[in-house]
Amino acid sequence: MIQSMTGFGKASLQLPTKKITVEIKSLNSKGLDLSVRMPSAFREMELGLRNKISQKLERGKVDFSLFVEVTGEETSSKINAPIVKAYIAQMREVIPDADATELMKMAVRMPDALKTEREEIDPNEWENIQGVINQALENIQSFRISEGVALEKEFLSRIANIMTFMNDAVALDGERIANVKARLRTAIDELTVNVDENRFEQELIYYLEKMDITEEKVRLENHLNYFIETLAGTEANGRKLGFITQEMGREINTMGSKSNHAKMQKLVVQMKDELEKIKEQVLNVL
């Protein structure tokens, strides 16, 4: 079963003093383009986290975000008391009668009035966070699988349309050949010279053989069936499906160049339209 590269996964966990939320978004990309956003306290875990994400998601433009919301009284920012006192003392020298509360308000807004202590990662807390990350990864994979099911239905519908248009084009082959013969016969009859009928028949057969679309029809049908088989297989992936669509396009283009028939050319245009829509969506397949 195919998977889409488009997906979204989210999971959260409430700890005693903080809430952890993980969000993962992905779009289509030729390879893995991973962006990680998390608090600086967890940066030492980033390399292992990147390896885990790359193994799970394989391809796509992936945005990973880890949010930490403090819900308790715990904070990593502390008032730098010596600095604040020094600011207040300096301001009293300038304004001796200033209100102490106003001086405090001004002092805490001065540079270095607050200091942030580096948080050490609690192993038990990180284990809980890893559980949230795993849940978010499972959620985005479920999303990708669901999108893949929708893509598969669309592919099968458009492949069936191409098959129908192809068969309709082949059904016009007798009419097309008859029209070609009639046009050539009319052109010959309008000439004022004698024509060797045997030579004319030989040249006509040669001309019609060059216009024959039987081989293109057989190859296109094989490519259509191979596309369906690949969708149902365990090795289905966007690159492989993309290669098959390229081969399908070659056969359809050749049929168009050989058609020389208005109704058949219209059907070829319809096949091309369906194929272009398949190509657009194949870019989203993992």
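Residues numbered from 1 in each chain as written. Predicted model: local features only at pLDDT ≥ 70, side-chain atom pairs only at ≥ 80, totals over all residues. Heavy atoms only, no water.

A few words now on the packing of helix H8 (residues 238–259) against helix H9 (residues 262–282). For the pair H8 and H9, the least separation of the axes is 10 Å and the interaxial angle reads 165 degrees. Between H8 and H9, the crossing angle belongs to the class labelled roughly antiparallel. Crossing geometry of H8 relative to H9 is assigned as left-handed. Residues Gly238, Leu241, Gly242, Thr245, Met248, Gly249, Ile252, Asn253, Met255, Gly256 and Ser259 of H8 form the contact with H9, whose participating residues are Met264, Gln265, Val268, Met271, Lys272, Leu275, Ile278, Lys279 and Val282. (Axes fitted to C-alpha atoms, helices over the stretch in contact; angles between N-to-C directions. Helix = DSSP H or I, 4+ residues; strand = E, 2+ residues; numbered from the N terminus. Parallel < 35°, antiparallel > 145°, perpendicular 65-115°, else oblique. Left-handed = near helix turned anticlockwise from the far one by under 90°. Contact = heavy atoms within 4.5 Å.)

Turning our attention to the pairing of strand E3 (residues 32–37). The pairing of E3 with strand E4 (residues 60–70) spans six bridges and is classified as parallel. Bridge pairing in E4 links Leu32 to Gly60. In this region the chain leaves E3, passes through helix H1 (residues 46–57) and returns to the parallel neighbour E4; the handedness of that crossover is left-handed. (Pairing = 2+ DSSP bridges. Right-handed = clockwise from strand over helix to strand, strands pointing away.)

Take the side chain of Glu251 next. When you line up the elements, Glu251 lands in helix H8. Accessibility expressed as a relative area gives 8% for Glu251, which makes it buried. Contacts of Glu251, omitting those with residues within four sequence positions, involve Glu216, Arg219, Leu220 and His223. (Buried < 20%, exposed > 50% of the residue type's maximum accessible area, 1.4 Å probe, protein only.)

For sheets, the rule is that strands pair by backbone hydrogen bonds, running either parallel or antiparallel. Taken in spatial order, the four strands line up as E1-E2-E4-E3 in an open sheet, and their pairing is mixed. With one partner strand each, in any of the chains shown, strand E1 (7–14) and E3 form the two edges of the open sheet. Adjacent strand axes in the sheet meet at a mean angle of 10 degrees, parallel and antiparallel pairs treated alike. Alignment of E1 against strand E2 (residues 18–27), held across eight bridges, turns out to be antiparallel. The partner of Lys10 across the bridge, within E2, is Glu23. Across the sheet, H1 lies against E2, E3 and E4, angled at about 140 degrees from E3, the strand it touches most. Against the sheet, helix H4 (residues 123–171) makes contact with E1, E2 and E4, and its axis sits at roughly 155 degrees relative to E1, the strand it touches most.

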